[in-house]
Amino acid sequence: MNVLVKLFATFRNDRFKEKRCEYEAGTMVSQVIEELNLPEDQIGAVLVNARHVEDDQELKDGDTLSIFPLVGGG
């Protein structure tokens, strides 16, 4: 299945801004996060088709997965 993966802020460093990726049917958000080697403790928000989801969300063909890091402030 085809999924558009979008990374934001520091997650783009040495990776990509957005990329179409092929995954097996039944792939979950957590598997994509692991494959991209993103530090789970730094994930702030995960959206599928602009809706907040948990990392156990199963992806479907044509989905857009957006992954944002935690935002620091002061």
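Residues numbered from 1 in each chain as written. Predicted model: local features only at pLDDT ≥ 70, side-chain atom pairs only at ≥ 80, totals over all residues. Heavy atoms only, no water.

**Observations concerning the overall build of the chain**
A count of helical and extended segments in the chain gives one helix and five strands. In sequence order, the chain lays out its α and β elements as β-β-α-β-β-β. Taken against the 2.2 N^0.38 rule, which gives 11 Å for 74 residues, the C-alpha radius of gyration of the chain at 12 Å falls within 12% of a compact globule. Seen through its C-alpha atoms, the chain measures out along the principal axes to roughly 40 × 25 × 20 Å. Every one of the 74 residues in the chain was classed for burial, and the buried ones make up 36%. Considering only contacts within the chain whose residues lie at least 6 apart along the sequence, 55% involve residues at least 24 apart. With the model as given, the accessible surface of the chain reaches about 4,900 Å², and the carbon-plus-sulfur share is 44%. Across the chain, the mean location of the 8 positive side-chain charges is 10 Å away from that of the 14 negative side-chain charges. (Helix = DSSP H or I, 4+ residues; strand = E, 2+ residues; numbered from the N terminus. Rg over C-alpha atoms; globule rule 2.2 N^0.38 Å. Buried < 20%, exposed > 50% of the residue type's maximum accessible area, 1.4 Å probe, protein only. Contact = heavy atoms within 4.5 Å. Areas by Shrake-Rupley, 256 points an atom, 1.4 Å probe, with all protein chains shown as cover. Lys, Arg positive; Asp, Glu negative; His and termini not counted. Charge placed at Lys NZ, Arg CZ, Asp CG, Glu CD.)

**Things to note about the sheet that holds strand 2 (residues 18-22)**
Pairing in this open sheet of five strands is mixed, and the strands run 2-1-5-3-4 from one edge to the other. The open sheet has two free edges, formed respectively by strand 2 and strand 4 (51-52), since each of these has just one partner strand. Bridge count between strand 1 (residues 2-7) and strand 2: five bridges; the pairing is antiparallel. Looking at strand 2, one finds that Lys6 is bridged to Glu18. (Pairing = 2+ DSSP bridges.)

**A short note on the side chain of Ser66**
Secondary-structure assignment places Ser66 in strand 5 (residues 64-69). For Ser66, a relative accessible area of 10% puts it in the buried group. When near neighbours in sequence (up to four residues on either side) are disregarded, Ser66 contacts Lys6, Phe8, Ala45, Val46 and Leu47.

**Things to note about the nonpolar core**
In terms of nonpolar packing, the biggest core is built from 20 residues, with Val5, Leu7, Val29, Leu36, Leu59, Leu65 and Ile67 touching the most fellow members. Setting aside residues up to four positions removed in sequence, Leu59 forms contacts with Met1, Val3, Thr27, Met28, Val29, Val32, Val48 and Leu65. (Core = buried A, V, L, I, M, F, W, Y, C linked by side-chain atoms within 4.5 Å.)

**Topic: the packing of aromatic side chains**
Applying the stated rule across the entire model yields one aromatic pair. Ring centres 4.0 Å apart and planes at 10 degrees place the aromatic pair Phe8 and Phe68 in the stacked group. Placement of the pair is Phe8 in the loop between strand 1 and strand 2 and Phe68 in strand 5, with a sequence separation of 60 residues. Judged by its relative accessible area of 22%, Phe8 is partly exposed. Using a relative accessible area of 28% as the deciding quantity, one classes Phe68 as partly exposed. (Phe/Tyr/Trp six-rings, centres within 6.5 Å; stacked < 30°, edge-to-face > 60°.)

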